[in-house]
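One-letter residues, chain by chain:
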Amino acid sequence: MPILVDFRCLLVQNPSSSSEMQGRSPRNLLGSSTPTGKKKLGDIIHLDAFGTHIIVLNSYKAARELLDLRLAYADRPVRVMDCELMGMGRTAFLSPYNDTWKSCRKLMHPNLRKTAMRQYHTLLERNVRTCMVQLLEAPEGFFDHLQLFTGKSLLMFTYGIEVNSIHDEFIATVEDLIDRAIRVAHPSAAIVNAIPILKHIPSWFPGAGFKRTAGAFRAELDDAVQRPFDRVKAELAAGTAVPSFTSSCLQDGSYNDYDMIWSAGSMYFAGSDTTLASLKTFILAMALYPDVQKRAQTEVDKVTKANALPTLEDRDSTPYIACLLKELQRWIPVTPMNLPHRPMEPDYYNGYFIPEGSVVLPNVWAITRDEANYKDPERFWPERFELPEPELDPYEYAFGFGRRRCPGIHFSDAMTYATVVSILATFDISKPRDENGEELDVEYSLSTGIFCCPDPFKCTIRPRPNVNVAQLLRSSVDEQA
Ligand code: HEM
């Protein structure tokens, strides 16, 4: 049986790796359209990269049938540069399918499952209120405020560490490591991935700069996950530890240090920038789609009677916001090519042979733009998920597949919901204005890298005229202090 070869994939660019997309709308990422404006991609396509089989799954059906329903796809490809030399293979998200990965998933699960979320409501609501106060005082810094909110919430959850600035070492170090790791993950960055034998060159050898780079990164990564862990241990010993994932695992006493260190580190690394990406997308969508914003605000006002701040308990009373959250994940998916899966045994699918060890990439971007799934896919339109005939739920694929599916989905959802409803209740987001107060178009581009989200853009964020926002927020922060 032949290995599938079909280069139609060349039509599909991962938006995150395209330098041509600056200033373009998401529509253009799929290349030029056919005369009808519709584009039909192969369900599954194959590329050969220096002998590595890369299989791209362009439809939800293929991704679900292979990655959700077949256990053999739970492995990850081990890339020499980032996984081995830089040490990222010890994180839960890049770890191969092995006993350590299983232990980490077991450790994370009870703390991240839906029913465990209630215990973090107060924490998240308090952090959101602080973020809203910052928005009120300096609305133009909204990217920084949202970054502090996600970083702070994740740090509190994993280690009980409280930070008050994005320049705090715990946030800044991890941010820097993520940036560097993403640059290395780009296919052109690491020749050692293509020629693995190079990893055996000593690092002092001329031309082996990559080994020194990797070694330095690894030392910093070790420090970034070890330091907060040691701090929690010391705080527990001193009786000053704040409840957190790490403190409760340490108190339980049945886990080894390695699993606790890498589980906590993985959640912090994987959770903050991804959720931040969704929140940036939310601000952009509200600036571009005022009708959606109006309808969402009306729903929130109904719940709060416009004289209180919404809480996570309001979730069931806000079905339109639930649709809006889904649309955020679909419109600009955070991980447009997911993370790669690796089949642990040879497989057959729809008459094609998929070799063991292939790199299998679900093309989430293509799924979100497939007109078989979504009418007018470029439009931000939460109504598509309303009953009685909702379109395909993006939560089925935007957080991954099968055993590797994101364990942080409920935590991320709670962070996103809390922020979205609070902003809707208190602020109006609109197009940017020039010095004469004239509205300008929202100019935006999407970031390059593994994550996809809006690059910094300008918009107007102002307190809503009908609510005494300042008083509401300040009294709410005081109440929680
Ligand atoms: C909008 C927010 C988020 C998105 C879109 C997202 C998406 C993803 C995706 C696509 C994967 C790979 C799944 C696969 O390979 O099939 C993943 C893995 C992972 N995510 Fe998330 N994630 C988000 C937030 C979070 C949060 C808040 C946490 C932690 C609290 C988290 C922790 C993890 C971990 C530990 C993994 C590795 C799972 C494994 O490989 O077994 N994520 N996430």
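Residues numbered from 1 in each chain as written. Predicted model: local features only at pLDDT ≥ 70, side-chain atom pairs only at ≥ 80, totals over all residues.

In the annotation of an unreviewed UniProt entry, the entry for the protein chain reads Cytochrome P450, and the organism field reads Botryobasidium botryosum. If you open the UniProt record of the protein chain and go to Pathway (unreviewed entry), you find "Secondary metabolite biosynthesis." One UniProt comment on the protein chain, placed under Cofactor (unreviewed entry), says "heme". (UniProt positions renumbered as here; feature names shortened; annotations may be inferred.)

**Here's the deal with the overall build of the protein chain**
Along the protein chain, the regular secondary structure elements total 15 helices and seven strands. Residues counted as buried form 44% of the 481 residues belonging to the protein chain. Pairs at least 24 residues apart make up 71% of the contacts formed inside the protein chain by residues separated by at least 6 positions. (Helix = DSSP H or I, 4+ residues; strand = E, 2+ residues; numbered from the N terminus. Buried ≥ 20, exposed ≤ 12 C-beta atoms within 10 Å, placed from the backbone. Contact = placed C-beta atoms within 7 Å.)

**Digging into the site of the ligand**
Around the ligand sit 26 residues in total, of which G271, T274, G400, C406 and G408 are the nearest. For the shell around the ligand, the elements supplying multiple residues, two or more each, are α3 (99–112), α10 (257–288) and α14 (409–426). Looking at which element gives the most residues to the shell around the ligand, the answer is α10, with seven residues. Among the residues making up the shell around the ligand, the classes are represented as 13 nonpolar, ten polar and three charged. (Near = placed C-beta within 6 Å. Nonpolar A, V, L, I, M, F, W, Y, C, P; charged D, E, K, R; others polar.)

**Re the sheet that holds strand β1 (residues 44–49)**
Judged by pairing direction, the sheet is mixed, and its three strands sit side by side in the order β1-β2-β5 without closing on themselves. In this open sheet, the two edge strands, each paired with only one partner strand, are β1 and β5 (359–362). Ignoring which end each strand starts from, the neighbouring axes of this sheet average 20° apart. Summarising the sheet, β1 and strand β2 (residues 52–57) pair through six bridges and their orientation is antiparallel. Bridge pairing in β2 links D48 to H53. (Pairing = 2+ DSSP bridges. Axes fitted to C-alpha atoms, helices over the stretch in contact; angles between N-to-C directions.)

**Describing the UniProt feature "binding site: heme" (unreviewed entry) in the protein chain**
Sites flagged by UniProt as "binding site: heme" (unreviewed entry) map to C406. Structurally, C406 can be placed in the loop between α13 (364–369) and α14. Contact partners of C406, with chain neighbours within four places excluded, come to F399 and G400.

**What to know about the packing of helix α5 (residues 142–159) against α10**
For the pair α5 and α10, interaxial distance at closest approach is 9 Å and the crossing angle is 150°. On the basis of the axis angle, α5 is roughly antiparallel to α10. Between α5 and α10 the crossing geometry is right-handed. The segment α5 lies against α10, with F142, F143, L146, Q147, T150, G151, L154, L155, T158 and Y159 engaging A264, M267, Y268, G271, S272, T275, L276, L279, K280 and I283. (Parallel < 35°, antiparallel > 145°, perpendicular 65-115°, else oblique. Left-handed = near helix turned anticlockwise from the far one by under 90°.)

**What to know about the confidence of the model for the protein chain**
Low pLDDT means the predicted atomic positions in that stretch should not be read closely. For the protein chain, per-residue confidence averages 86 on the pLDDT scale, and residues scoring 70 or more make up 84% of the total. Ranking the helices and strands of the protein chain by mean pLDDT puts helix α12 (residues 319–331) first, with 98, and helix α7 (residues 191–194) last, with 57. Low pLDDT, under 50, characterises residues 1–39; the predicted model gives this stretch 68 contacts beyond four residues in sequence or across chains. Overall fold confidence for the complex sits at a pTM of 0.89, while the interface term, ipTM, reaches 0.99. (pLDDT = per-residue confidence, 0-100.)

**Digging into the packing of α10 against α14**
At a closest axis distance of 10 Å, the pairing of α10 and α14 adopts a crossing angle of 35°. By crossing handedness, the relation of α10 to α14 is classed as right-handed. Along its contact with α10, which presents G271, T274, T275, S278, L279 and F282, the element α14 presents F411, S412, M415, T416, T419 and V420. Grouping the amino acids of the contact of α10 with α14 by side-chain chemistry returns five nonpolar, seven polar and no charged.

**Quick word on unusual backbone geometry**
A cis amide bond, omega 10°, links L387 with the succeeding residue P388. Here P388 is to be found in the loop between α13 and α14. If you check the backbone angles, N338 has positive phi at about 55° while not being a glycine. Examined against the element boundaries, N338 turns out to sit in the loop between α12 and β3 (347–349). The phi dihedral of N350 is positive, around 50°, even though this residue is not glycine. Structurally, N350 is set in the loop between β3 and β4 (352–354). Given 11 C-beta atoms within 10 Å, N350 falls into the exposed group.

**Concerning the nonpolar core**
Counting 122 residues, the largest nonpolar core has L57, A63, M86, I283, A285 and V420 as the members making the most contacts within it. With 18 residues, the top contributor of residues to this core is α10. Beyond its immediate sequence surroundings of up to four residues, M86 is in contact with M81, A181, V184, A214, F217, R218 and L221. (Core = buried A, V, L, I, M, F, W, Y, C linked by C-beta atoms within 7 Å.)

**Brief notes about α5**
Relative to the 26 Å expected for 18 residues at 1.5 Å per residue, α5 spans 25 Å between its end C-alpha atoms, a close match to the ideal helical length. Of all 18 residues making up α5, 16 are buried, and the element is well covered by its neighbours. Remark: G160 follows α5 within two positions and exhibits a positive phi of approximately 70°. (Expected span 1.5 Å × (residues − 1).)

**Quick look at the environment of R212**
Summarising the element assignment, R212 is placed in helix α8 (residues 209–238). Accessibility expressed as a C-beta count within 10 Å gives 11 for R212, which makes it exposed. Along the chain, R212 and M86 lie 126 residues apart, while their C-alpha atoms are 9.8 Å from each other.

**As for the environment of V442**
As for its position among the elements, V442 is in the loop between β6 (427–430) and β7 (460–463). Those residues in contact with V442, other than ones at most four positions away along the chain, are A287, L288, K431, P432, F457 and C459.

**With respect to helix α4 (residues 121–137)**
With 17 residues, α4 ought to run about 24 Å at 1.5 Å a step, and its terminal C-alpha atoms sit 24 Å apart, in line with that. Buried within α4 we find L123, L124, E125, N127, V128, R129, T130, C131, M132 and L135.

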